[in-house]
Amino acid sequence: MDEKQPIKTRKMKDTKSDIDDVLDIERKAFKQYAWRKCESFRCRIKANHAFVACKGGEVVGYLLLKSECSGWLLEKMAVKYESQGIGTALVNWAKCHVGSERTTLIRLNVRGQNTRARRLYQKTGFVETGRLGTYTNGDTKIEMTWKSDTMPTKACDA
Ligand SMILES: CC(C)(COP(=O)(O)OP(=O)(O)OC[C@H]1O[C@@H](n2cnc3c(N)ncnc32)[C@H](O)[C@@H]1OP(=O)(O)O)[C@@H](O)C(=O)NCCC(=O)NCCS
């Protein structure tokens, strides 16, 4: 994969190709905790809340949002190649997506030990808003939130 290719973000499609690519990234990123059924992704695709990042036509990351009464939950995200700005591009895309619909917030839960993800969320405007106990392995469950009225969204690229 050519690292210099621009990152393009788009809605995930209900096609075998998109679903297989995303399931592959999901399995590698989350291992025993990975979602294994394509139906889990299909309902997010139907609701238009699933996004993929592509580089040179290759699917290199995905992000899933879930609608909640108080705003949105960033349910899952993972990338195929780390530290190339793919995660940042996906989060910025998600902020554009929800920002264009209403003034809103996005919340998420992240493991305390997941410093890479926490750093990415901090850099993209999320702040820690709670400690929600622990995961089964004892790791802290941290809630982070981004509000569209406190942090302007970047322009959408597509
Ligand atoms: C978390 C994840 C989505 C980040 O994606 P990414 O494409 O690597 O993120 P980016 O390249 O856009 O930026 C990551 C930022 O994290 C930080 N970072 C990078 N490597 C790091 C490390 N080893 N430790 C701590 N922070 C790190 C940096 O601030 C980096 O930005 P910068 O390099 O521009 O300064 C990716 O690591 C991943 O798929 N992880 C496995 C699945 C996962 O944990 N998902 C999140 C669940 S809440």
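Before any of the text, the structure's been laid out above.
Residues numbered from 1 in each chain as written. Predicted model: local features only at pLDDT ≥ 70, side-chain atom pairs only at ≥ 80, totals over all residues.

J.: Would you mind going over the overall build of the protein chain in detail, with residue names and values included?
T.: The helix and strand tally for the protein chain stands at 4 helices and 7 strands. Reading the secondary structure of the protein chain in the N-to-C direction produces β-α-α-β-β-β-α-β-α-β-β. For the protein chain, the C-alpha radius of gyration of 15 Å lies close to 15 Å, the compact-globule estimate for 158 residues. The principal-axis extents of the C-alpha atoms in the protein chain amount to approximately 40 × 35 × 30 Å. Across the 158 residues that make up the protein chain, the buried fraction comes to 33%. Considering only contacts in the protein chain between residues 6 or more positions apart, those separated by 24 or more positions represent 59%. (Helix = DSSP H or I, 4+ residues; strand = E, 2+ residues; numbered from the N terminus. Rg over C-alpha atoms; globule rule 2.2 N^0.38 Å. Buried ≥ 20, exposed ≤ 12 C-beta atoms within 10 Å, placed from the backbone. Contact = placed C-beta atoms within 7 Å.)

J.: Describe in detail helix H3 (residues 86-99), supporting the description with residues and values.
T.: An ideal rise of 1.5 Å per residue puts 20 Å on 14 residues; H3 measures up with 20 Å between its terminal C-alpha atoms. Among the 14 residues that make up H3, 10 are buried, leaving the element largely enclosed by the rest of the structure. Of all the residues in H3, the buried ones are Ile-86, Gly-87, Ala-89, Leu-90, Val-91, Trp-93, Ala-94, Lys-95, His-97 and Val-98. (Expected span 1.5 Å × (residues − 1).)

J.: Account for the sheet that holds strand S7 (residues 140-147), with residues named and values stated.
T.: Strand order in the open sheet made by the 7 strands is S1-S2-S3-S4-S5-S7-S6, with mixed pairing throughout. Two strands close off the open sheet at either side, each with one partner strand: strand S1 (7-11) and strand S6 (127-134). Neighbour-to-neighbour, the strand axes of the sheet open up by a mean angle of 25°, direction not taken into account. As defined by bridge partners, strand S2 (residues 50-55) adjoins strand S3 (residues 58-68) across 6 bridges and the pair is classed as antiparallel. Each residue of the ladder has a partner; that of Cys-54, found in S3, is Val-59. (Pairing = 2+ DSSP bridges. Axes fitted to C-alpha atoms, helices over the stretch in contact; angles between N-to-C directions.)

J.: Account for the site of the ligand, with residues named and values stated.
T.: Taken together, 19 residues sit near the ligand, with Ala-78, Glu-82, Gly-87, Thr-88 and Ala-117 positioned nearest. For the shell around the ligand, the elements supplying multiple residues, two or more each, are strand S4 (71-79), H3 and helix H4 (115-123). Per element, the largest residue contribution to the shell around the ligand is 6 residues, and it comes from H4. (Near = placed C-beta within 6 Å.)

J.: Would you mind going over the nonpolar core in detail, with residue names and values included?
T.: Counting residues in each nonpolar core, the largest one holds 37 residues, and the members touching the most others are Val-22, Phe-51, Tyr-62, Leu-63, Leu-74, Leu-90 and Ala-94. By residue number, the principal contributor to this core is H3, which donates 7 residues. Aside from chain neighbours lying at most four places away, what touches Phe-51 is Thr-9, Arg-10, Lys-11, Met-12, Tyr-62, Leu-63, Leu-90, Trp-93 and Ala-94. (Core = buried A, V, L, I, M, F, W, Y, C linked by C-beta atoms within 7 Å.)

J.: Just give me the short version of the pairing of S7, but keep the residues and values in it.
T.: The pairing of strand S5 (residues 105-111) with S7 spans 7 bridges and is antiparallel. Its bridge partner lying in S7, Arg-107 is registered against Thr-145. As judged from the 5 bridges shared by S6 and S7, these two strands associate in the antiparallel manner. Counterpart to Val-127 in the pairing with S7 is Thr-145. What sits between the antiparallel neighbours S6 and S7 is a turn of 5 residues, in which Gly-138 has the positive phi angle 90°.

J.: Describe the environment of Lys-76, with residues and values.
T.: Secondary-structure assignment places Lys-76 in strand S4. Accessibility expressed as a C-beta count within 10 Å gives 21 for Lys-76, which makes it buried.

Any functional reading would require information beyond the geometric quantities listed.
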